[in-house]
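Structure assessment
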Amino acid sequence: MSNVESVPAEVRCRAGTPAGEDGVEVLTPRRVPLGGPRAMNVHRTLPQRRRSLIGAWCFADHYGPDDVVRTGGMDVPPHPHTGLQTVSWLFAGEIEHRDSLGVHARVRPGELNLMTAGHGIAHSEVSLPSVTTLHGVQLWVALPDAARDAARDFRHYVPDPVQADGYLMRVFLGSLAGQASPVATFTPLLGAELTLRPGGRAELEVDPRFEHGILVDTGTVCVRDTELAHRDLGYLAAGASTLVLHNTGDRPARLLLLGGEPFAEEIVMWWNFVGRDHEEIVEFRQAWEEGSDRFGEVRGYAGRTSRLPAPVLPNARLQPRRHSRG
Ligand code: MN
């Protein structure tokens, strides 16, 4: 998906500090319209001022369930990315993906579609005409310096759903509770979908080097002393080796568990680009506007416009900021 803000701010992202007596920081979503008169909204929990990264996860948009008849569904024309990977994860609906690597794929619920932008890629995303309900998340992973100029790539993987006592789990990146994804990542990462039955508890061994995020899709999820509501993202700092998730409600609770080692590099995000400084962002934007082959060509997209123009850059230039933690 494209960052659809008309005047996107340039965000300097770095590891932050947790809040809350029990160590759980609740990141609440903000609503971002996807554009157009009937547009669907997405609910963004990353990045935000308080926190911009969880491991290398640097962007989280939740959407739906949306009635596609009312919203018109998703139609994102070809747009560029650099320095990141995108994860499209659906709960309902189906999206047609086309990219400048030549991949033409159907994104379906419960299936990982991991696109690596590396040096540069372009892609389009359109919900299929047969879809009545669209419901999912769009996640981005920042690439470390050693990999951010890598070649374009696209991976598809369907994790087996695993039934445990009290919950159902799909591990799409990294490993959790004896399940492991074969899809390689450039930094240590975890991505899993868990559905807790009413009253269900998941007691999970986790990597103590990882920080974690719990993005709640449906129901209410308790972690430590904190209750997370629909679309909240609960953050936990690194250090714990056990994570207990508890569904206190009377209907199933579905969530995404994201994790990773704190990302050591400072990044700059603007629109659909991840770079390291303002000058790079200017260069990426110019390359897209000039139709540079850095991003390649998306074939077969038959939408309203052939490509998304880049928004104007903010007037205020990013001031260098000291990298501090603690
Ligand atoms: Mn995109």
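Below is a summary of the structure that appears in this document. Sequence positions are assigned chain by chain, starting from 1 and proceeding in written order. It should be noted that, the model being predicted, local features are given only for residues of pLDDT at least 70 and side-chain atom pairs only at 80 or more, the latter also being counted only at that level, while totals for whole chains, interfaces and linings use all residues. Excluding hydrogens and water, the side-chain figures rest on all heavy atoms present in the structure.

**Quick notes on the overall build of the protein chain**
Along the backbone of the protein chain there are two helices and 27 strands. Relative to its length of 326 residues, the protein chain is compact, with a C-alpha radius of gyration of 19 Å against a globular reference of 20 Å. Over its C-alpha atoms, taken along the principal directions, the protein chain stretches across nearly 55 × 50 × 35 Å. We call a residue buried when its accessible area falls under 20% of the maximum for its residue type, exposed when it is over 50%, and partly exposed in between, using a 1.4 Å probe and counting protein chains only. For the protein chain, buried positions account for 55% of its 326 residues. A sequence separation of at least 24 residues applies to 74% of the contacts in the protein chain between residues at least 6 apart. Using a 1.4 Å probe, the Shrake-Rupley method yields the accessible areas, and only the shown protein chains count as cover for residues. With an accessible surface of roughly 13700 Å², the protein chain has 47% of that area assigned to carbon and sulfur atoms. Elements are defined by DSSP. Helices are runs of H or I of four residues or more, strands are runs of E of two residues or more, and each kind is numbered from the N terminus. This radius of gyration counts C-alpha atoms alone. The globule rule is 2.2 Å times how many residues there are, raised to the power 0.38. Contacts were defined at the residue level, with two residues in contact if any of their heavy atoms lie within 4.5 Å.

**Remarks on the packing of aromatic side chains**
Pairs were defined over the aromatic rings of Phe, Tyr and Trp, the Trp ring being its six-membered one, requiring ring centres within 6.5 Å. Orientation was assigned from the angle between planes: stacked under 30 degrees, edge-to-face over 60, tilted for the rest. Within this structure, the stated rule accounts for eight aromatic pairs. For the ring pair Trp270 and Phe273, a centre distance of 6.3 Å and an interplane angle of 35° mean the geometry is tilted. Both residues of the pair, Trp270 and Phe273, count as buried. On the basis of an interplanar angle of 85° and a centroid distance of 5.6 Å, the ring pair of Trp288 and Phe295 is categorised as edge-to-face. Just as Trp288 is buried, Phe295 falls in that class too. An aromatic cluster is built from Trp270, Trp271, Phe273, Phe284, Trp288 and Phe295, whose rings are joined through pairwise contacts. Working rule: Lys NZ or Arg CZ, within 6 Å of ring centre, within 35 degrees of ring normal, means a charge sits over the ring. A cation over a ring is seen here: Arg51 above Tyr235, with NZ or CZ 3.5 Å from the ring centre. Sitting above the plane of the Trp288 ring, Arg307 keeps its charged end 3.8 Å from the centroid.

**Some details on the side chain of Asp217**
In this fold, Asp217 is placed in strand β20 (residues 211-218). Contacts described as polar in this section are N or O atom pairs within 3.5 Å, which, within protein, must combine one atom able to donate a hydrogen with one able to accept it, while residues neighboring in sequence count only if both atoms come from side chains. Within the local environment of Asp217, its side chain forms a polar contact with the side chain of His62, the two groups lying 2.6 Å apart. In contact with Asp217, other than residues within four places in its own chain, are His62, Phe91, His135, His230, Arg254 and Leu255.

**Quick notes on the sheet that holds strand β2 (residues 24-27)**
Only strands joined by at least two bridges in the DSSP assignment are considered to pair. Read across the sheet, seven strands follow the order β2-β23-β20-β25-β18-β15-β14 without closing on themselves; strand pairing throughout is antiparallel. The open sheet is flanked by β2 and β14 (162-164), the only strands paired with a single partner. For this sheet, the mean angle separating the axes of adjacent strands, direction not counted, is 25°. Direction of pairing for β20 relative to strand β25 (residues 253-260): antiparallel, over a ladder of seven bridges. Among the inter-strand pairings, Gly213 is bridged to a residue of β25, identified as Leu258. Interaxial angles span 0 to 180 degrees and are taken between N-to-C directions of axes, which are lines fitted to C-alpha atoms, for helices over the stretch in contact.

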